[in-house]
Amino acid sequence: MYQGSIRELHQQLVNKERSAVEITNEALAQIEKVEPKIHAFLAVTADLALETAQKVDDKIAAGEEIGLLEGIPIGIKDNMCTKGIKTTCASNILANFVPPYESTVTQKLKDASAVMVGKTNLDEFAMGSSTENSAFQVTANPWDISRVPGGSSGGSAAAVAAGECVVALGSDTGGSIRQPASLCGVVGMKPTYGLVSRFGLVAFGSSLDQIGPFARSVEDAAILLNAIAGYDSADATSLKVEIPDYTKFLKPDFKSTGGLKVGIITETFGEGLDASVTKAVRKAIAQLEALGAEVKEISCPRFRYGLPAYYIIAPSEASANLARYDAVKYGMRQEAENLVDMYTSTRATGFGKEVKRRIMLGTYALSAGYYDAYYLKAQKVRTLIKQDFEQAFAEVDVLVCPTSPSTAFKAGDKTTDPLSMYLLDLMTIPINLAGLPGISIPCGFDEQGLPIGLQLIGNVLREDILFHAAYAYEQATEWHKQQPSLS
Amino acid sequence: MTTSAPKKTEYEAIIGLETHCQLNTETKIFSSESTKFDPDNPNTNVSPICLGYPGVLPVLNEKVLEYAVKAGLALNCQIAPYSKFDRKQYFYPDLPKNYQISQYDLPIAEHGWLEIEIVEKQNSEPVRKKIGITRLHMEEDAGKLNHAGSDRLDGSTYSLVDFNRAGVPLVEIVSEPDLRSGKEAAEYAQELRRIMLYLGISDGKMQEGSLRCDVNISVRPVGQKEFGTKVEIKNMNSFSAIQKAIDYEIERQIEAIENGEPIYQETRLWQEGSGTTKSMRMKEGSSDYRYFPEPDLPPIEVSPEQLKLWKSELVELPAQKRHRYEEKLGLSAYDARVLTDDRTVAEYFEAAVAAGGDTKQVANWVMGDIAAYLKSNELSITEIALKPEILAELVSLITKGTISGKIAKDILPELLTKGGSAKELVEKKGLIQISDTGEIEKIIDEVIAAHPSELEKFRNGKTKLKGFFVGQVMKKSGGRADPKLTNQLLSKKLQG
């Protein structure tokens, strides 16, 4: 069922063992086979995919050289605008929205002739940790379809885990790539804020949102990041930096490269952490040590304040970002007798419960008289968390902790308790607040056979170190080779 | 609006202006569409970015920053080395994102002033006053609503929205409450417009809405420290409307106080037709715009080097020019004001003086015949064929006595429309002044001989007839006889 890694597929294409159309058809066949169970895709773009694949085959037939991503099936989270193709954010308010423009990342993938097979499900406007907040469908975890895939990029994570595409793009505001990657047993990476252009990514929390790759191996993730990273004049927050070839840093150990200093974030181990998670992550740390890493405990005392600060800052930004959905220019409109009624009935019916909850939270936090106590204070906490990380990275190269405190839970288990859902992002949120890169890689399974993720955190723009550490660990273990039974 | 009974209390008005000024950049503040004013083709200069589509991002047009800093410098402001954009949130259908990208607590420029100058009459002493500038900040303009069946959203059957204006760059300039009359406020607004035009950063067209002024006004008895209740007035489309609206509002408020009626904190609309203000809406507390820093735009940092460069690019501003014209060129305050009102006129004047024209005479020609010609033909001074060097030449021909002022006036229309050298034209047309005593005497003799009865009347005491003889001599000489000499010689001859 698995199609192999990007490099394997590429070699097969170059050697003409398989055509791009064949590879695409295999992906489409897998989608057809598993989608009735998984529901990872909101839309499958089969015709477009085959058309792109055919062009790649024509190129190969003409004897032209092809790039690594050419002909590779990829899934795109449905909050990245694709010109002429519906982009819904899994929201009723954008159910029929067709963007007249292409996001920078999907343009880059088009330019690289990657084959987009469809748009993947998500929590509405990327707000959630289980993909249950989608207005259209609930995505299942391929390891146990009664369980959630995590979120908000649950569709992308599940699609990659279920072999419906080779790689996928997600977006991560507080853990929305890393947490579902952890729950679905795949690699998920959130790059440094500003490394990947946000142009065309429908905004949730603008100062936190970052696009990143899902893959079944660290190398595939590095190849995908190579294609999407880089300065974009259309995004004023994008960083003007040289992008190295991330695959260059994929070394099997740390002994030959001058060592690696790893810091365990003390505060992330303790109450609320599943015993199986603790065990697997501790074992993974021992593995890193065996590979030549020097490991020590590092305290980030303000780490735990990340969650409350995040639930002020992200909803505040979201409350403004989502104000544009007013039925005037595009998207859903509920006709009404007057303007205010049109606004209220459109937004009342167009947005789901969680989105409305966050708009209310943010509106409240920014209101006169509350701004200082909430938004401003949260920004101060953000600065303190950044300082904690700065101090930590003065001592170590990489920080390590669990990605998620628990493994995948049953669908419906937490939908009535938003706070327990919010707690799932405890480990990932501080990384977004500090704008740092983080990666989640498979590091074991719990007693029910559900995947566990190890989170590695790097300093600003040190994706090189992250890839190195992640790759060395991955190559020394077998976790990433496990496949879900899809039952 | 005058009350019959004399007022016992004297009042003063406290007035501040908030001015929105569109910057004339080629493209919008955060996207690359044209800023062209084009109400006949709605929604043509738009893009997903200025329409606030999902996922799009703003990128600051660097020209906007440059223009705003230059405006700030021209208004003697402190330029913030570190400033930022904020989101000002409110729902309105002309605002695509339902928030406006503006500047809140760290504006690009603060703590400035501008000098207004009021000259009542041609020869009166100017009254000068410094008006404080609280702040100047950058922001995006909203679109425009066209309401069917009403002039407002409320009560209209439907409304159409034109987003051509959405995203046009604005600077908002807030004055201190230093103004005391409609005249001062109108002069402040005009001086602001002049400065923008001098800097070349705005077209300042009030009719098209590229310069918009809102007035805050209260009155209080002279000597009272506390301010009265502040009223906002909107919808003035000209400087005279600003003046009239304020003068009306001052009277209205004083009358209300005198009659023991309350003054409400409200927004009132100026109605040009009736010359009155009308209540539009009450202000119930201050609006909560839920400002917060715009996360899509990095903070703005202006380096000392950049600031120095922009400073060096500033032109001489109207107030500086007025002072120089008075102090260095010896012109009256009134003349200095007229000449500097339009930068191109001032530059024309200066070029003519630099080419050797007598300052006062050049000034008179520019403010007199040339200005009249420009006005009647609706031309700007840069469009006429008469170059400043030729005006200087023409003036020199008069001062040297080569031609009379009358001849100069006669040939001016041809120079204005066709251009060319004044001297050559005078020569070609044989218009050089006759300054030879003998030649003029000869003409006088002929004139006297031809009008014996007039001569007799003159000699019998009707001395007013001298003018008649002067006219005849001028006529016979084709206007070329030196008028001064003609006068002298004629006096002698007529006495007999």
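Notes on the structure in this doc start here. (Residues numbered from 1 in each chain as written. Chains lettered and ligands numbered in written order. Predicted model: local features only at pLDDT ≥ 70, side-chain atom pairs only at ≥ 80, totals over all residues. Heavy atoms only, no water.)

### Quick notes on the interface of chain B and chain A
Quick note on the threshold: Note on contacts: a residue pair is in contact if any heavy atoms of the two residues lie within 4.5 Å. A 1.4 Å probe defines the accessible area here, and the buried area is the portion of it lost by two parts on being joined, summed over both. Any Lys or Arg side-chain nitrogen located within 4 Å of an Asp or Glu carboxyl oxygen qualifies as a salt bridge. Polar contacts here mean pairs of N or O atoms no more than 3.5 Å apart (in protein, one a potential hydrogen donor and the other a potential acceptor; neighbouring residues in sequence count only if both atoms are side-chain atoms). Only DSSP runs of H or I with at least four residues qualify as helices, and only runs of E with at least two residues qualify as strands; both kinds are numbered from the N terminus onward. Residue polarity is assigned by list, with Asp, Glu, Lys and Arg as charged and Ala, Val, Leu, Ile, Met, Phe, Trp, Tyr, Cys and Pro as nonpolar; anything else, Gly included, falls into the polar class.
Counting residues at the interface gives 31 residues for chain B and 40 residues for chain A. With both sides pooled, the region where chain B packs onto chain A buries about 2700 Å², and carbon together with sulfur makes up 64% of that total. A salt bridge links A:Arg198 to B:Asp296; its shortest N-O distance comes to 3.0 Å. Taken together, chain B and chain A are joined by 12 residue pairs in polar contact (both at pLDDT 80 or more). Elements with a minimum of two residues in the side of chain B that touches chain A: β4 (86-89) and β15 (292-293) of chain B. Per-class residue counts for the side of chain B that touches chain A are 22 nonpolar, 4 polar and 5 charged.

### A short note on the sheet that holds strand β1 (residues 11-22) of chain B
All names here are of chain B. Rules: Two strands pair under a simple rule: DSSP has to find at least two bridges between them. Lines are fitted to the C-alpha atoms to define the axes, a helix being fitted only along its stretch in contact, and any angle between axes, read from their N-to-C directions, falls within 0 to 180 degrees.
Strand order in the open sheet formed by 9 strands is β2-β6-β7-β10-β1-β11-β12-β13-β14, with mixed pairing between adjacent strands. A strand with exactly one partner marks an edge of an open sheet, and here the two such strands are β2 (78-79) and β14 (276-282). With 2 bridges connecting them, β2 and strand β6 (residues 109-118) associate as antiparallel partners. Within the sheet, the bridge partner assigned to Ile79 lies in β6 and is Ala109. Of the strands in this sheet, β6 and β7 (127-140) are in contact with helix α5 (residues 318-327), which crosses β6 at around 40 degrees.

### Focus: the environment of B:Glu66
All names here are of chain B. Counting through the fold element by element, Glu66 comes out in helix α1 (residues 62-74). A C-alpha to C-alpha distance of 76 Å links Glu66 and Lys457, two positions 391 residues apart in sequence. When sequence neighbours within four positions are dropped, the list of residues in contact with Glu66 reads Trp310 and Glu313. One polar contact links Glu66 to Lys70, side chain to side chain, over a distance of 2.8 Å.

### Structural notes on the packing of helix α12 (residues 437-450) of chain B against helix α14 (residues 466-476) of chain B
All names here are of chain B. For clarity, the threshold we go by: The labels follow the angle: roughly parallel below 35 degrees, roughly antiparallel above 145, roughly perpendicular from 65 to 115, and oblique for the rest. Throughout, a crossing is termed right-handed when the near helix is turned clockwise from the far one, and left-handed when it is turned anticlockwise from it by less than a right angle.
The contact between α12 and α14 brings their axes to 10 Å, and the two run at 120 degrees. In terms of orientation, α12 and α14 fall into the oblique class. In this structure, the crossing between α12 and α14 has a hand that is right-handed. Along its contact with α12, which presents Ile443, Ile444, Glu446, Val447 and Ile448, the element α14 presents Phe469, Gln472, Val473 and Lys476. Within the contact of α12 with α14, the residues separate by chemical class into 6 nonpolar, 1 polar and 2 charged.

### So, empty space enclosed by the protein
Residues and elements named next belong to chain B. Defined as follows: Whether a set of points on the 1 Å grid over the protein atoms alone is a cavity depends on a 1.4 Å probe fitting there but being unable to get out, while an open set qualifies as a pocket with protein on both sides within 12 Å along at least five of seven lines; lining residues are those with an atom within 4 Å of a point. Grid points are joined across faces, edges and corners, and a volume is the space filled by probe spheres set on the points.
Scanning the model with the defined rule gives 3 cavities of 30 Å³ or more in all. Of the pockets and cavities examined, the largest cavity occupies roughly 120 Å³. Lining the largest cavity are 16 residues, and of these Phe30, Ile49, Pro58, Lys97 and Glu140 lie nearest its centre. Its residues assigned to classes, the lining of the largest cavity shows 8 nonpolar, 3 polar and 5 charged.

### Quick notes on the layout of surface pockets
To find leftover empty space, one rolls a probe the size of a water molecule over the atoms. Roughly 830 Å³ of volume is contained in the second largest pocket. Taken together, 25 residues form the lining of the second largest pocket, with A:Ser207, A:Arg382, A:Lys386, B:Pro295 and B:Pro299 sitting closest to its centre. Counting only elements with at least two residues in the lining of the second largest pocket, the list comes to α12 (372-395) and α14 (429-434) of chain A. If you tally residues by element for the lining of the second largest pocket, the top one is α12(A), at 5 residues. Of the residues in the lining of the second largest pocket, the class split is 14 nonpolar, 6 polar and 5 charged.

### Description of the packing of helix α2 (residues 20-38) of chain A against helix α3 (residues 46-61) of chain A
Residue and element names in this part refer to chain A. Orientation of α2 relative to α3, taken along the N-to-C sense of each, is 155 degrees, at an axis distance of 7 Å. Viewed along their axes, α2 and α3 adopt a mutual orientation that is roughly antiparallel. From α2, Ala20, Val21, Thr24, Asn25 and Leu28 reach across to α3, where they touch Ala46, Ala49, Leu50, Ala53, Gln54, Val56 and Asp57. Here the contact of α2 with α3 is built from residues that sort into 8 nonpolar, 3 polar and 1 charged.

### Considerations on the packing of aromatic side chains
Cut-off, in case you're wondering: The aromatic pairing rule takes the rings of Phe, Tyr and Trp, using the six-membered ring of Trp, and pairs them if the centres are within 6.5 Å, calling planes under 30 degrees apart stacked, those over 60 edge-to-face and the rest tilted. A positively charged side chain is recorded as over a ring if its NZ (Lys) or CZ (Arg) lies within 6 Å of the ring centre. The angle to the ring normal must also be within 35 degrees.
Within the structure shown, the criterion is met by 29 aromatic pairs over all chains. Plain terms: the ring middles of B:Phe468 and B:Phe469 are 5.4 Å apart, the flat faces sit at 75 degrees to each other, and that makes the pair edge-to-face. Among the aromatic residues, those joined into a ring-pair cluster are A:Phe97, A:Tyr101, A:Phe125, A:Phe199, A:Tyr325, A:Tyr330, A:Phe351 and B:Tyr53. For the cation-ring pair, A:Lys414 lies above A:Phe409, with the distance from its terminal atom to the ring centre recorded as 5.2 Å.

Read these as spatial facts, not as claims about activity.
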